[in-house]
Amino acid sequence: MALQGTIDAFPVVDVLQLLAGSRKTGRLIVEGDRSTAQLFVVDGRVTGGSIRDGADGDTADVVLELLRYRAGSFLFEPGSTAPDAGSPEHLDDL
C-alpha cells in the first residue's frame, strides 16, 4: 500500500524517519515548492535519488534538498528499487 500526504500535514523529515524506522523498501517521490525529487530506500536505508532540473549525484544532497521543502506532496511507492542502486546509507548518517 502506498503512503501519501502533504508536507504541511506530515513534514518530509517525519516521512524519512518513518521509512527508516520501519525499514521500508521503495521510492519516495516529493513534489514540492522547490522542485520534484525522488529517493530510493531499501530496508530503510537510502540507495539513491535525484532531483528534477538538478544534477543526479550525491544522495546526501538529495536528502538535504528534500528537507528544505516547505509545501507540496509526497508519495511512497513500496517495492520500487533504484535503477543504479548505490551502497545503502542510513538516513541518520546523511
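The notes below deal with the structure included here.

## Quick notes on the packing of helix α1 (residues 12-21) against helix α2 (residues 59-68)
- Contact geometry for α1 and α2: axes closest at 8 Å, N-to-C directions at 130 degrees. Between α1 and α2, the angle falls in the class oblique. Within the contact between the two elements, α1 uses Val12, Val13 and Leu16 and α2 uses Val63, Leu66 and Leu67.
- Partitioning the contact of α1 with α2 into residue classes produces six nonpolar, no polar and no charged.

## As for the pairing of strand β2 (residues 26-32)
- Taken together, the six bridges between β2 and strand β3 (residues 36-42) define a ladder with antiparallel strand orientation. Residue pairing in the sheet places Val30 in a bridge with Ala37 of β3.
- Across seven bridges, the pairing between β2 and strand β5 (residues 72-78) is antiparallel. Paired with Ile29 across the bridge in β5 is Leu75.

## Notes on the sheet that holds β2
- Strand order in the open sheet formed by six strands is β1-β5-β2-β3-β4-β6, and the pairing between neighbours is antiparallel. Looking along the sheet, the strands with just one partner apiece sit at the ends: β1 (3-6) and β6 (89-90).
- Its contacts with the sheet put α1 on β1, β2, β3 and β5, and the angle it makes with β2 is roughly 180 degrees.
- Packed onto the sheet, α2 meets β2, β3, β4 (45-51) and β6 and runs at close to 70 degrees relative to β4.

## Topic: α2
- Inspection of α2 places Thr59, Val62, Val63, Glu65 and Leu66 among the buried residues, and these make up the whole buried set. Taken around the axis of α2, the buried residues stretch over an arc of 160 degrees, which confines them to a single face.

Definitions and cut-offs
Residues numbered from 1 in each chain as written. Predicted model: local features only at pLDDT ≥ 70, side-chain atom pairs only at ≥ 80, totals over all residues. Heavy atoms only, no water. Axes fitted to C-alpha atoms, helices over the stretch in contact; angles between N-to-C directions. Helix = DSSP H or I, 4+ residues; strand = E, 2+ residues; numbered from the N terminus. Parallel < 35°, antiparallel > 145°, perpendicular 65-115°, else oblique. Contact = heavy atoms within 4.5 Å. Nonpolar A, V, L, I, M, F, W, Y, C, P; charged D, E, K, R; others polar. Pairing = 2+ DSSP bridges. Buried < 20%, exposed > 50% of the residue type's maximum accessible area, 1.4 Å probe, protein only. Arc of directions from axis to C-beta.

Purely geometric numbers; function is a separate question.
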